[in-house]
Amino acid sequence: MSSDAMPERSALAAELALGLLEGADRASALRLVLSDPGFAAEVDGWRAQLAPLYDGFADVAPPSGLMARIDQAIDAEAAADQVTTLMPAPRAQGRWKIATFAASAVAAMLALALVWPSPQSPGPAPQDKADVAVAQLTGPIDGLLLTARYDSSTSEMLVRVEGMPVTETEPELWIVPADGQPRRLGRLLRGGVTRIAIPEGHRKFIDPVSELILTMEPKVLPDPDKPSAPTVAQGRLQRI
Amino acid sequence: MTPASESRRADLQSALIRVAQQDREALRTVYAMTSAKLHGVCLRICTDRGAAEDVLQNVYLKVWQRAGSFDPAKASAIAWLCAIARNAAIDWRRSQRYEDPLPADLGETLVDETADPAADLAQAGERAQIFSCLEELEPVRATAIKAGFYQGLSYPEIAEAMDKPVGTVKSWIRRGLMQLKECLSREQ
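Residues numbered from 1 in each chain as written. Chains lettered and ligands numbered in written order. Predicted model: local features only at pLDDT ≥ 70, side-chain atom pairs only at ≥ 80, totals over all residues. Heavy atoms only, no water.

Considerations on the packing of aromatic side chains
Right, on to step 1. Per the counting criterion, the structure on display carries seven aromatic pairs over all chains.
Right, on to step 2. On the numbers, 5.1 Å between centres and 55 degrees between planes, the contact of Tyr54 of chain A with Phe149 of chain B is tilted. One end of the pair, Tyr54 of chain A, is in the loop between α3 (37-50) and α4 (66-81); the other, Phe149 of chain B, is in helix α6 (residues 139-151), on a second chain.
Right, on to step 3. Their ring planes at 40 degrees and their centres at 6.0 Å tell us that Phe57 of chain A and Phe149 of chain B sit as a pair that is tilted. With Phe57 of chain A in the loop between α3 and α4 and Phe149 of chain B in helix α6, this residue pair bridges two chains.
Right, on to step 4. Overall, the relative accessible area of 0% leaves Phe57 of chain A in the buried class. (Phe/Tyr/Trp six-rings, centres within 6.5 Å; stacked < 30°, edge-to-face > 60°. Helix = DSSP H or I, 4+ residues; strand = E, 2+ residues; numbered from the N terminus. Buried < 20%, exposed > 50% of the residue type's maximum accessible area, 1.4 Å probe, protein only.)

Focus: the state of the cysteines
All names here are of chain B.
Right, on to step 1. According to the stated counting rule, one finds one disulfide over all chains in the structure shown.
Right, on to step 2. Across the disulfide from Cys133 sits Cys183; the S-S distance is 2.0 Å. Between Cys133 and Cys183, the disulfide has an S-S torsion of -80 degrees and is therefore left-handed. With a gap of 50 residues between them, Cys133 in helix α5 (residues 124-136) and Cys183 in helix α8 (residues 166-187) connect regions that are remote in the sequence. Here Cys133 matches Cys183 in class, with each residue buried.
Right, on to step 3. Free cysteine Cys42: the closest other cysteine sulfur is in Cys46, separated by 5.7 Å.
Right, on to step 4. Cys42 gets classed as buried once you look at its relative accessible area, which sits at 0%.
Right, on to step 5. Free of any disulfide, Cys82 has its nearest neighbouring cysteine sulfur in Cys42, separated by 9.4 Å. (Disulfide = S-S within 2.5 Å.)

Section: unusual backbone geometry
Residue and element names in this part refer to chain B.
Right, on to step 1. Although it is not a glycine, Gln22 sits at a positive phi angle of roughly 60 degrees.
Right, on to step 2. Its place among the elements puts Gln22 in the loop between α1 (3-19) and α2 (24-46).
Right, on to step 3. You will see that Asp163, though not glycine, has its phi angle at about 55 degrees, which is positive.
Right, on to step 4. Within the secondary structure, Asp163 is located in the loop between α7 (155-162) and α8.

A few points about the interface of chain B and chain A
Right, on to step 1. Taken together, the contact between chain B and chain A spans 64 residues of the former and 49 residues of the latter.
Right, on to step 2. Carbon and sulfur atoms make up 58% of the surface buried where chain B meets chain A, a total of about 5400 Å² over both sides.
Right, on to step 3. Between the two partners, chain B and chain A, sit nine salt bridges.
Right, on to step 4. Between Arg94 of chain B and Glu22 of chain A there is a salt bridge, and its shortest N-O distance comes to 4.0 Å.
Right, on to step 5. The interface formed by chain B and chain A contains 22 residue pairs in polar contact (both at pLDDT 80 or more). (Contact = heavy atoms within 4.5 Å. Buried area = accessible area lost by both parts, 1.4 Å probe. Salt bridge = Lys/Arg side-chain N within 4 Å of Asp/Glu carboxyl O. Polar contact = N/O pair within 3.5 Å; in protein donor to acceptor, adjacent residues only side chain to side chain.)

As for the pattern of salt bridges
Right, on to step 1. Going through the model one piece at a time under the given rule, you end up with 24 salt bridges over all chains.
Right, on to step 2. For Lys74 of chain B, the salt bridge identified is with Asp44 of chain A, shortest N-O distance 3.2 Å. Of this pair, Lys74 of chain B sits in the loop between α3 (49-66) and α4 (77-96) while Asp44 of chain A sits in helix α3, which puts the two residues in different chains.
Right, on to step 3. Residue Lys74 of chain B is classed as partly exposed on the basis of its relative accessible area, which comes to 48%.
Right, on to step 4. In this structure Asp44 of chain A comes out as partly exposed when scored by relative accessible area, which is 26%.

Overview of the environment of Glu136 of chain B
Right, on to step 1. Tracing the backbone shows Glu136 of chain B in helix α5.
Right, on to step 2. When its relative accessible area of 45% is taken as the criterion, Glu136 of chain B is described as partly exposed.

Thoughts on α2 of chain B
Residues and elements named next belong to chain B.
Right, on to step 1. Helix length check: α2, at 23 residues, gives a terminal C-alpha distance of 28 Å against a target of 33 Å (1.5 Å per residue), a shortfall beyond 12%.
Right, on to step 2. Taking the largest bend as the criterion, α2 deviates by roughly 60 degrees, centred on Thr34.
Right, on to step 3. Most of α2 is tucked away: 18 of the 23 residues are buried.
Right, on to step 4. For α2, the capping residue at the N-terminal end is Asp23, with a side-chain oxygen 3.0 Å from the backbone nitrogen of Glu25.
Right, on to step 5. Where α2 terminates, the next one or two residues include Thr47, which has phi positive at roughly 55 degrees. (Expected span 1.5 Å × (residues − 1). Bend = angle between axes of the 7 residues up to and from the residue.)

Description of the confidence of the model for chain A
All names here are of chain A.
Right, on to step 1. Predicted confidence across chain A gives a mean pLDDT of 77, with 76% of residues reaching 70 or more.
Right, on to step 2. For chain A, the element scoring lowest by mean pLDDT is helix α5 (residues 93-114), at 46; strand β4 (residues 170-176) scores highest, at 93.
Right, on to step 3. Across residues 83-104, confidence stays below pLDDT 50; counting only partners more than four residues off in sequence or on other chains, it has 17 contacts. (pLDDT = per-residue confidence, 0-100.)

Considerations on the pairing of strand β7 (residues 211-217) of chain A
Residue and element names in this part refer to chain A.
Right, on to step 1. Burial analysis of β7 places seven of its seven residues in the buried class, the great majority of the element.
Right, on to step 2. Where β7 and strand β8 (residues 231-236) come together, five bridges link them in antiparallel fashion. Paired with Thr215 across the bridge in β8 is Thr231. (Pairing = 2+ DSSP bridges.)

Brief notes about the sheet that holds β4 of chain A
All names here are of chain A.
Right, on to step 1. Reading across the sheet, the four strands line up as β5-β4-β7-β8 and stay open at both edges, with antiparallel pairing between neighbours. A single partner strand is all that each edge strand has here, and the edge strands are β5 (183-187) and β8. Averaged over all neighbouring strand pairs, the angle between strand axes comes to 25 degrees, with direction disregarded.
Right, on to step 2. Sheet analysis places β4 next to β5, joined by four bridges and oriented antiparallel. (Axes fitted to C-alpha atoms, helices over the stretch in contact; angles between N-to-C directions.)

Focus on the sheet that holds strand β3 (residues 156-162) of chain A
Residues and elements named next belong to chain A.
Right, on to step 1. Judged by pairing direction, the sheet is antiparallel, and its five strands sit side by side in the order β6-β3-β2-β1-β9 without closing on themselves. Because the sheet does not close on itself, it has two edges, and the strands there are β6 (192-197) and β9 (238-239).
Right, on to step 2. Alignment of strand β1 (residues 132-137) against β9, held across two bridges, turns out to be antiparallel. Along β9, the bridge assignment pairs Ala133 with Arg239.

Next up, the structure:
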C-alpha cells in the first residue's frame, strides 16, 4: 500500500459523499450507511468537508416565472390532499393541468389505500366518518418501500415494510409534526406488516403537515425521544 | 465570515426552519435567497437549460416537503439546499444517459473564482481552505475530483472524458481525496 492510499471503507464513504458511485456499488454503500453508524458518520463527515465546494458553482438567475410554477405545483399537491372537496372547474388550460395532476395523485393514494385489507373489527363497526391517512415512505435505499395506513376509528397504524436489507440495526418509525421534533411511534418488523397503536398524545400529529420518517437504530435505542441515526426513508401523510 | 454574510446565513436558516412549518412566505424568502445558486448547480450538472429549470422546480418542491429534516447542527442551510439540488440534478443526468448520453467536457469543470464569499452565503474561511487544498493536489487528481463534484460525473464518465482507464481515475480520486482530508485537518 502506498503512503497516500486510503483505507477501503473511508474511500467508499468519500465516493458516496461525492456521488461517484452508481448501481450495485451505490446500493451496497447505502446498505452500509444503514447497518454501520460509524460508516454513516464518516459519510456525513465527508459531506461536511466537501460542502464549501458549493461556493464554486456560479450563480445563474432562473427564469422569472419559476416561483409561480413552484407555487402551482405545491397547490396541486395540497389539492390532492383534500379529496373530499370537488376538483375546481378547469378555468384555463393551466388550471386543468393542475387538476389532472391532483386527480392522478389522489388516484395513486387511493390505490395505495386499497392495497390494505380492511381493518379487522371484531367489535362495533367503525364509524362512518373514520379518518384514514396513508403515507408512502421512500429514501436513498434502492427497493426499500414502506406504506403506512392510519385509521382513526382504531387509532392504529399499519406499516408494511418491503425491501429492507439485512442490517445489524433495527427499523424505527417516527412522526415529525410541524414543530420539526420527531416523536417515536415504534419499532417495525423488517418485513410484512407491523401494527402500531398510536398513543393518544401522538394522535393529534396525524395530519398532512406531518412526515413519517424511518431511521435505523441500534438494538437498544440510545434515546427514545430522538433519532440517533440519519433518516433513510420518509413520506408525508395524506388523508384519504 | 463578515457580519453581513453571517446575518444572511442566519436569515436563511430561520426561513428554512419556517418552511418546515409550511410557511409559504418563508419558502419565497428561501427561493429569493438561493434560487440563483441552486439554478447554477442544476445547470452545471444537467447542461440543459430546460431540464435544469424542471429539476430546480422539483428541488423547491422537495425543500417544501422535507424542510423538517433540515438539521442546522449537521449542515448549513445553503449546503443542505445545494446537496438536494446536486443530487436531483445527478439523478436526472443519470436517468438520461441510457437514451442520449450527455457530453462530458472537462473544460467546464473550471470553478467560479469570481464568486465573492463575503457577499454570499459561503463559509469564507473554509472556502479558502478547501480551494487551496485542491490546488496542492496533482492537477489530474484535482481535475477528476472537480469533475465528480461540479459535473456529477461517475467514474466511467470521468475516465472517458480524461481518456484513461477507470482504475487509474479511481486511484487518482481516492488518493486525491486522502490528500485533501490530510490538508484540511492540517490547517484546521
